[in-house]
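Survey of secondary and tertiary structure
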Amino acid sequence: MLKNVNNCSSNAGAYVNVRNVLFATGNFHKFNEVRSILSSIGIAVGMLRMKGKEIQSDNIMEIAENCALEAFNQCRIPLIVEDAGLFIDAFEGFPGPYSAYVYKTIQNRGILKLMENLQNRKATFCSAIVYCSQETGVLFFEGKVEGEITFTERKGDNNSGFGFDPIFQPFYSEKTFAEMTLEEKNYSSHRAKAVNEFAKWYNSDNRHDIF
Ligand code: ITT
């Protein structure tokens, strides 16, 4: 999907096929995952520690879009923003867009407690990436992975993972995300799928950004 960016002043005007992108996020774990995938296919990623305000919405794509537009309108540099959420079937998709708040308040132990007697453990991790530049406006990429909420927290020996990683086990694996190496998680995570969609477009012939 393509939308225009309002009120963008034109500048240098030269078309260059730049092989780098800024990722506006305050989360180093997310940044490392995205950097690892993109750098392996020749796209350098810089971390921009600013992000637009997160609006209240039950749609993570809308949240990411708003953040990306705000960040872009402040710095005028092509960038991506990612919003992710854990959607638990037994709770009708909650916490979803409220994942950050739920993680901060009740954490994984709280979720496991709420799910103590539940047999339906199905959950979906979703990632929404929005790319924003002068030339393209905003573009949307998404990724999802289905799995289940474990009964206990399971972290690997190397203590990897973050957030809900210790309680999310994708259906395709015996391991929780936290028991995986970065490379294993990136093999088929929600974020990896969205990033790969983005990279496919970014590396395509019809991509030109004005700087
Ligand atoms: P930004 O600065 O990029 O917004 P954030 O930490 O606020 O980073 P999100 O809004 O995308 O991240 O995600 C909300 C929360 O969901 C996040 O704080 C984590 O606790 C959790 N989360 C997101 N992606 C995750 C993943 O891949 N594995 C485990 N937990 C994740």
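Residues numbered from 1 in each chain as written. Predicted model: local features only at pLDDT ≥ 70, side-chain atom pairs only at ≥ 80, totals over all residues. Heavy atoms only, no water.

Bringing the nonpolar core into the picture now. The nonpolar side chains of a soluble globular protein tend to be buried with one another. One finds Val21, Leu38, Ile80, Tyr131 and Phe198 to be the most contacted residues of the largest nonpolar core, which totals 20 residues. Of all the secondary-structure elements, those providing two or more residues to this core are β3 (20–24), α1 (28–40), β7 (122–133), β8 (137–149) and α6 (190–202). Sort the elements by how many residues they give to this core and α6 lands first, with 7 residues. Other than its neighbours up to four places away in sequence, Phe198 contacts Val21, Leu38, Ile80, Tyr131 and Phe141. Residues Ile63, Ala64, Phe72 and Val130 belong to the second largest nonpolar core, which totals 18 residues. (Core = buried A, V, L, I, M, F, W, Y, C linked by side-chain atoms within 4.5 Å. Buried < 20%, exposed > 50% of the residue type's maximum accessible area, 1.4 Å probe, protein only. Helix = DSSP H or I, 4+ residues; strand = E, 2+ residues; numbered from the N terminus. Contact = heavy atoms within 4.5 Å.)

Moving on to a nonpolar patch on the surface. Residues Phe94, Tyr98 and Tyr101 make up a contiguous nonpolar surface patch of roughly 320 Å² in combined accessible area. Residue placement: Tyr98 occurs in the loop between β6 (95–96) and α3 (99–105). (Patch = residues over 30% accessible without salt bridge, like charges linked within 9 Å, V, L, I, M, F, W, Y side chains within 5 Å. Areas by Shrake-Rupley, 256 points an atom, 1.4 Å probe, with all protein chains shown as cover. Salt bridge = Lys/Arg side-chain N within 4 Å of Asp/Glu carboxyl O.)

Turning our eyes to something else, we now look at the pattern of salt bridges. Following the criterion strictly, the structure yields 11 salt bridges and no others. For the salt bridge of Lys113 with Glu116, the shortest nitrogen-to-oxygen distance reads 3.5 Å. Under the relative-accessibility criterion, Lys113 is labelled exposed at 55%. For Glu116, a relative accessible area of 46% translates into the label partly exposed. Among the ionic pairs, Glu146 bridges to Lys122, the shortest N-O distance being 3.5 Å. Taken together, the residues Glu146 in strand β8 and Lys122 in strand β7 connect sequence positions 24 residues apart. Here Glu146 falls in the partly exposed class, since its relative accessible area comes to 42%.

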